[in-house]
Amino acid sequence: NLGVALAGRGEIQEALVEERQAAAEALAQGDRRVQAAAQLYLAQILTAAGVFAEAEAAARSGLVRAGPIWPLSAYAHGALARALLGQGRADEALP
């Protein structure tokens, strides 16, 4: 994913632009699995940027879209935990 690759290079703003566009395109496609993945990548980038409240929202969106798809659901729980930890909400980050 280009957004994640850009974030890995430290190009956070460019990564956010790319990943938000990917999330919008995934929504238009109607594929819940692709929508979930896009939201989770966005949550990962937002967490790296220190934008934890928005990362939490993206992770929760990804979790809802992942539904019973267990690999995505597990990733979503991890993304949500990282966003919550970034907000100092460790008690909520643990199941």
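Because the structure is predicted, anything quoted here is derived from the model rather than measured.

1. Overview of the overall build of the chain
Part 1 of the argument: Counting secondary structure elements, the chain contains six helices and zero strands.
Part 2 of the argument: Start at the N end of the chain and walk to the C end: the helices and strands fall as α-α-α-α-α-α.
Part 3 of the argument: Relative to a compact globule of 95 residues, whose C-alpha radius of gyration would be 12 Å, the chain shows 12 Å and is just as compact.
Part 4 of the argument: With the principal axes as the frame, the chain shows a C-alpha extent of 35 × 30 × 15 Å.

2. Considerations on the pattern of salt bridges
Part 1 of the argument: Tallying each qualifying case throughout the model produces five salt bridges.
Part 2 of the argument: With its nearest N and O atoms 2.9 Å apart, the salt bridge here joins Arg-60 to Glu-56. Within this pair, Arg-60 and its partner Glu-56 are both found in helix α4 (residues 52-66), separated by four residues, close to a single helical turn.
Part 3 of the argument: A relative accessible area of 37% places Arg-60 in the partly exposed class.
Part 4 of the argument: Members of the salt-bridge network, linked through shared partners, are Glu-56, Arg-60, Arg-89 and Glu-92.

Definitions and limits used
- Residues numbered from 1 in each chain as written.
- Predicted model: local features only at pLDDT ≥ 70, side-chain atom pairs only at ≥ 80, totals over all residues.
- Heavy atoms only, no water.
- Helix = DSSP H or I, 4+ residues; strand = E, 2+ residues; numbered from the N terminus.
- Rg over C-alpha atoms; globule rule 2.2 N^0.38 Å.
- Salt bridge = Lys/Arg side-chain N within 4 Å of Asp/Glu carboxyl O.
- Buried < 20%, exposed > 50% of the residue type's maximum accessible area, 1.4 Å probe, protein only.

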